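Observations on chain architecture
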Amino acid sequence: MRRLTGVVLLTSALGLWAGAPTTDLGLKDAAGRKVRLRDLRGKVVLLNFWATWCGPCQAEMPALADIEKQYAGRVTFIGASLDDQKSVAKVPAFVSQYKIDFPIWYGATLDDLDRLKMGNAVPATAFLDAEGQLVARILGQVRPEEVKERLDWLTGDRSGPAPTALVKHLEK
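Figured I'd write up the structure that's included with this text. All residue numbers here refer to positions counted from 1 along the written sequence of the relevant chain. At least 70 in pLDDT is required for a residue's local features to be given in this predicted model, at least 80 for side-chain atom pairs to be given and counted, and no such filter applies to totals for whole chains, interfaces and linings, which use all residues. Side-chain measures here rest on the full set of heavy atoms in the structure, leaving out hydrogens and waters.

On to the pattern of salt bridges, then. Salt bridge, as applied in this entry: a Lys or Arg side-chain nitrogen positioned within 4 Å of an Asp or Glu carboxyl oxygen. Scanning the entire structure with this criterion turns up seven salt bridges. Asp112 is the salt-bridge partner of Arg115, the closest N and O atoms lying 2.1 Å from each other. Note that Arg115 and Asp112 are positioned in helix α3 (residues 110-115) at a spacing of three residues, about one turn of the helix. Each residue is placed in one exposure class: buried if its accessible area under a 1.4 Å probe, protein chains only, is under 20% of its type's maximum, exposed if it is over 50%, and partly exposed if it falls in between. Owing to a relative accessible area of 5%, Asp112 belongs among the buried residues under this scheme. Across the pair Arg150 and Glu149 runs a salt bridge, and its minimum N-O distance is 3.1 Å. Each helix is a run of H or I in the DSSP string that is no shorter than four residues. Each strand is a run of E no shorter than two, and both are numbered from the N terminus.

Dropping the structure here:
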């Protein structure tokens, strides 16, 4: 694992974008119940992959928690934790510290990132439309204006051009 500015690199190769696939992901919620992205069809979803040990994740989480409040009722935010058995116990304190009100899903893996073409680093954020299609991604630490631009387009009339589908904040 290499740490870079604004991102924590987890493996050696970035996934390649393959269009806008219908997306699914099955993890567990805080109570240990199975949860799936497909159950959120009909809703716009922001899916953020993060981990407690990731510095850039810690830096971006206050902004995501704030943005979630601004889009309450229009966008469903999900935090998918990549914490493993060694660090998963730190998740509740992380959620409390950053005042996260949106659901946290447990058990995300590098395979999940790969299946969703999210690259090999956290943080990574996916934007899904109401049909469950992955329509945009931000790889690396988000910037609030980029998140809002994508959410405004997804929740608006979509009459204008779509925002850039892929934003990379990965430095070599």
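It is worth spelling out the pairing of strand β6 (residues 75-81) at this point. Taken residue by residue, a regular strand's side chains alternate between the two faces of the sheet. Summarising burial for β6: seven of the seven residues are buried, a large majority. Of the two faces of β6, both are covered, the one formed by Val75, Phe77, Gly79 and Ser81 as well as the one formed by Thr76, Ile78 and Ala80. DSSP calls a pair of strands paired once it identifies at least 2 bridges connecting them. Where strand β5 (residues 44-50) lies against β6, seven bridges are found, and the strand directions are parallel. Within β6, the position partnered with Val45 by the bridge is Thr76. Handedness of a crossover is defined as follows: with both strands directed away from the viewer, a clockwise route from the first strand across the helix to the second makes it right-handed. In this view, the connection linking β5 to its parallel neighbour β6 by way of helix α1 (residues 55-70) has right-handed handedness. Judged from the two bridges that link them, β6 and strand β7 (residues 104-105) form a sheet pairing that is parallel. Note that in β7 the partner of Ala80 across the bridge is Trp105. Handedness of the crossover joining β6 and β7 through helix α2 (residues 91-97): right-handed.

So, about the sheet that holds β6. The six strands are arranged β7-β6-β5-β9-β10-β11 in an open sheet whose pairing can be described as mixed. Strands at the two margins of the open sheet, each flanked by one partner only, are β7 and β11 (166-168). Pairing of β5 with strand β9 (residues 124-128) involves five bridges; the strand directions are antiparallel. When the sheet's bridge partners are listed, Val45 is paired in β9 with Leu128. Note on contacts: a residue pair qualifies if any of its non-hydrogen atoms lie within 4.5 Å across the two residues. Helix axes are fitted to C-alpha atoms over the stretch in contact, other axes to C-alpha atoms as well, and angles between N-to-C directions run from 0 to 180 degrees. In this fold α1 packs onto β5, β6 and β9, with an angle of close to 160° to the strand it touches most, β5.

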